[in-house]
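Take a look at the letters that make up each chain.
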2 protein chains.
Amino acid sequence: MELLKKRILKDGRIKDNQIIKVDGFLNHQIDINLLNEIGKEFKSLFEGEKITKIITIEASGIAIACFAAMHFNVPVVFAKKSESKNIDGAVYETTVTSFTRGKDYTVILEKRYLTSDDRILIIDDFLATGKAQQGLLDISRQAGATVAGIGIVIEKGFQGGGDKLREAGYNLQSLAIIDSMENYTVKFRE
Amino acid sequence: MELLKKRILKDGRIKDNQIIKVDGFLNHQIDINLLNEIGKEFKSLFEGEKITKIITIEASGIAIACFAAMHFNVPVVFAKKSESKNIDGAVYETTVTSFTRGKDYTVILEKRYLTSDDRILIIDDFLATGKAQQGLLDISRQAGATVAGIGIVIEKGFQGGGDKLREAGYNLQSLAIIDSMENYTVKFRE
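Cut-offs used in this document
- Residues numbered from 1 in each chain as written.
- Chains lettered and ligands numbered in written order.
- Predicted model: local features only at pLDDT ≥ 70, side-chain atom pairs only at ≥ 80, totals over all residues.
- Heavy atoms only, no water.
- Helix = DSSP H or I, 4+ residues; strand = E, 2+ residues; numbered from the N terminus.
- Rg over C-alpha atoms; globule rule 2.2 N^0.38 Å.
- Buried < 20%, exposed > 50% of the residue type's maximum accessible area, 1.4 Å probe, protein only.
- Contact = heavy atoms within 4.5 Å.
- Areas by Shrake-Rupley, 256 points an atom, 1.4 Å probe, with all protein chains shown as cover.
- Lys, Arg positive; Asp, Glu negative; His and termini not counted.
- Charge placed at Lys NZ, Arg CZ, Asp CG, Glu CD.
- Phe/Tyr/Trp six-rings, centres within 6.5 Å; stacked < 30°, edge-to-face > 60°.
- Lys NZ or Arg CZ within 6 Å of the ring centre and 35° of its normal.
- Least-squares fit on C-alpha atoms with pLDDT ≥ 70 in both.

Describing the overall build of chain A
Each helix and strand in chain A was counted, giving five helices and eleven strands. The C-alpha radius of gyration of chain A comes to 16 Å, within 12% of the 16 Å expected for a compact globule of 190 residues. Among the 190 residues that make up chain A, the fraction classed as buried is 57%. Counting contacts in chain A only where the partners sit at least 6 residues apart, residues at least 24 apart contribute 60% of the total. Surface accessibility of chain A: about 7,600 Å² in total, with carbon and sulfur atoms responsible for 43%. Across chain A, the mean location of the 26 positive side-chain charges is 2 Å away from that of the 26 negative side-chain charges.

Notes on the packing of aromatic side chains
Residues and elements named next belong to chain A. This structure, assessed with the given rule, holds zero aromatic pairs over all chains. Lying across the ring of Phe188, Lys5 places its NZ or CZ 5.6 Å from the centre. A cation over an aromatic ring shows up here: Lys81 above the ring of Tyr105, its NZ or CZ 5.1 Å from the ring centre.

Points about the relation of the copies chain B and chain A
Expressed as a screw operation, the relation of chain B to chain A combines 0.0 Å of axial shift with a rotation of 180°, fitting to an RMSD of 0.0 Å. The transformation relating the two chain copies, once decomposed into turn and shift, fits a two-fold axis. In this assembly the copies share their binding face: 100% of the residues contributing to the interface of chain B also contribute to that of chain A.

A look at the environment of B:Ile139
For B:Ile139, the position within the fold is in helix α4 (residues 131-143). Residues contacting B:Ile139, with those up to four places away along its chain left out, are B:Ala79, B:Tyr92, B:Thr94, B:Val107, B:Leu109 and B:Leu114.

Focus on the side chain of B:Gln133
Tracing the chain through its elements places B:Gln133 in helix α4. Beyond its immediate stretch of four places on either side in the chain, B:Gln133 contacts B:Asp124, B:Phe126, B:Leu127, B:Ile150, B:Ile152 and B:Leu165.

Everything listed is a geometric property; what it means functionally is a separate question.
Right, here's the structure in full:
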């Protein structure tokens, strides 16, 4: 997605050749016009997939999932980090190792909001090693839901998680794939 | 807001006369059409306030803030819970006591995304004792930003946080104010 790639080059800030900060427009401050275009792009990429729900993990996936959901006209369900005591009822539960947070955490999703009738689109801001996405796939398996697609804004191709998901047969579409950030220069996959 | 009140009566689930679960449409599963109407309502309530940014706290404020921001055509900035090591630069920092989580946590917001030029609208899903809002007000004070308004979806009037903010002179608008949930019956403030 050219608009996104241009914005990454303009406003992304690279740390340690591994981390790119895009918090000026994607996951701390949110440029709603860009996110609307991103939502539209996901709609065109997964058109015809008969998506019934968009699934993401709190917190930084929520805004993107909402803008995508507007274009699909379906609900969003976001998996929650589990420290809250304000969850009741039966939940799906899985463990995710966070690359940026450097620790494991439990995420939960109430069973009533995801069932075997659902054809879901998993949406997230970043895909690196793919741990967060594996967590959502695990929850989807528990629910018996059909994963119709995975939509990622920025894939860090050099960390390999995306290619593993493609090899496993998932319809993964990333709007920008960064294959290298060496010498503080972003190289996108063609 | 009548549409919201009807939805609360239809789908809200009361626990212990204190907590109302609205996770079927507001803060776990998200009804995007309802949230769009909520965003529109906030726009009409704060029309003319020359809002430059919408501020919220992760996670459940994000979706609501995004839909409001669409109608104002301004960016959203969400304050983050601070365990992430993926934050750099100077940050505003404050401590919030969570009613639902039963503990204190630190929230941060990068200084570059909120300045004394901003006229902000603070948006959140719930207002109970007002701790989360006090945290965002503290961050706004640190930034020297002008708080042009506070927009809440559901205020639990019987916990008093909203009336304290009104007494302090804030332009607080809650789309539904629940004054009592005794005997599992929601009573809205007129």
